[in-house]
Amino acid sequence: MLDLHRLRLLREVAARGTVHAAARALGYTPSAISQQLAVLEREAGAPLLERVGRNVRVTDAGAVLVRHAESLLAGVEAAEAELAAVAAGRAAGVVRVGAFQSAFLGIVVPAVRSLTASHPDIRVTATEIEVEEAAPALRLQQLDAVVGDEYSGQPRAVHADLHREPLLREQIRLVLPADHPAAAAGRVRLAVLAGMSWSASQPGTGHREMHIRACRELGGFEPDLRYSSDDFFTQLELVRAAGAAALMPELGLAHSSADVAVRSIADGAVGREVFLLTRAARTPAVGAVAGALRRAVAGQRVVLAPPAP
């Protein structure tokens, strides 16, 4: 009889590429995981992992078990959630939500507040995390729902095994120091800002890549990305106090009190879609949380800019 806990460990190692990485993610020691996987190999009667340099990869037999582990673990999760719902007479259980900062503030927090009253038997845990990290965690059942973003012209990877639905479409705005000469106009051409320093998110994020793409394609210059922070409040303060420029989605500006000028881009529209990712099989509790997130979005008055002519 194959042990479900050991199958979970095998899936984690297969996804992360090393025993040490899986151990860090799960809070185990590498030796403990290695011992459990050795037992699983004896139960399976075939080698499940093979070393490739410093990493490991699953054998053909290991790939079979990983594939079945996905459906088995999803089935157990669904059964546990439905049992909790039956016991409580309503949707119940723990739902783990991950979201980037501005969605955390503008969407997740209002959703959690409404769920406290409408679904008291659902315990929501929420983590601020970028979608680049969150999607793998969702697949590994470390998260149950992820609020992610996708900037126009920068499509995210398509995850065939995950369910994606759009939540919100919004415009990207140009943010300048309030006393900058270009701020006198309601619409600003990016080319006139070629000599400025810029504030954006960390390298590797969609927000930073959006800056590079917009400045190159619409402004015809390479931006001086001098300041890096994934915190939009910090970015706004850098605009106000350090004289930087920034491109920010409307959701990121919703809670701003900084003394800055927010203007439209004259060269063309740049937009962002905020979306919800869940595993294909939703438990009643995850469905309730998804509904609360959609209702929280309904209060956001932002729309995606039309394509540039």
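If you're wondering where the values come from, they're calculated on a predicted model, not measured in any experiment. (Residues numbered from 1 in each chain as written. Predicted model: local features only at pLDDT ≥ 70, side-chain atom pairs only at ≥ 80, totals over all residues. Heavy atoms only, no water.)

### Considering the pairing of strand E12 (residues 271-279)
Then, in step 1: Summarising burial for E12: nine of the nine residues are buried, a large majority.
Then, in step 2: As defined by bridge partners, strand E5 (residues 145-151) adjoins E12 across seven bridges and the pair is classed as antiparallel. Residue pairing for E12: Val 147 is matched across the bridge by Leu 276.
Then, in step 3: Note that strand E6 (residues 162-177) and E12 share nine bridges and pair antiparallel. Looking at E12, one finds that Pro 166 is bridged to Phe 275. (Buried < 20%, exposed > 50% of the residue type's maximum accessible area, 1.4 Å probe, protein only. Helix = DSSP H or I, 4+ residues; strand = E, 2+ residues; numbered from the N terminus. Pairing = 2+ DSSP bridges.)

### As for the packing of helix H1 (residues 4-16) against helix H2 (residues 19-26)
Helix packing geometry: the angle between the two helix axes and the distance between the axes.
Then, in step 1: Put simply, H1 and H2 touch, their axes get as near as 8 Å, and they point 120° apart. The angle between H1 and H2 places the two elements in the oblique class. Of the two possible hands of crossing, H1 and H2 adopt the one that is right-handed. In contact with Leu 9, Glu 12, Val 13 and Arg 16 of H1, H2 contributes Val 19, Ala 21, Ala 22, Ala 25 and Leu 26.
Then, in step 2: Looking at side-chain class alone, the contact of H1 with H2 contains seven nonpolar, no polar and two charged residues. (Axes fitted to C-alpha atoms, helices over the stretch in contact; angles between N-to-C directions. Parallel < 35°, antiparallel > 145°, perpendicular 65-115°, else oblique. Left-handed = near helix turned anticlockwise from the far one by under 90°. Contact = heavy atoms within 4.5 Å. Nonpolar A, V, L, I, M, F, W, Y, C, P; charged D, E, K, R; others polar.)

### Here's the deal with the packing of aromatic side chains
Then, in step 1: Summed over all chains, the structure comprises one aromatic pair.
Then, in step 2: With a centroid separation of 6.2 Å and an interplanar angle of 35°, the aromatic rings of Trp 198 and Phe 221 are classed as tilted. Of the two residues, Trp 198 sits in strand E8 (residues 197-200) while Phe 221 sits in the loop between helix H7 (206-219) and strand E9 (224-228), which places them 23 residues apart along the sequence.
Then, in step 3: Given the relative accessible area of 10%, Phe 221 is considered buried. (Phe/Tyr/Trp six-rings, centres within 6.5 Å; stacked < 30°, edge-to-face > 60°.)

### Remarks on the nonpolar core
Then, in step 1: In terms of nonpolar packing, the biggest core is built from 27 residues, with Ile 107, Val 147 and Leu 293 touching the most fellow members.
Then, in step 2: Of all the elements, helix H10 (residues 284-298) adds the most residues to this core, at nine residues.
Then, in step 3: Ignoring sequence-local partners within four residues, the contact set of Leu 293 consists of Ile 107, Val 108, Ala 111, Val 147 and Leu 276.
Then, in step 4: Within the second largest apolar cluster, 23 residues are counted, among which are Leu 176, Ala 182, Leu 193 and Met 210. (Core = buried A, V, L, I, M, F, W, Y, C linked by side-chain atoms within 4.5 Å.)

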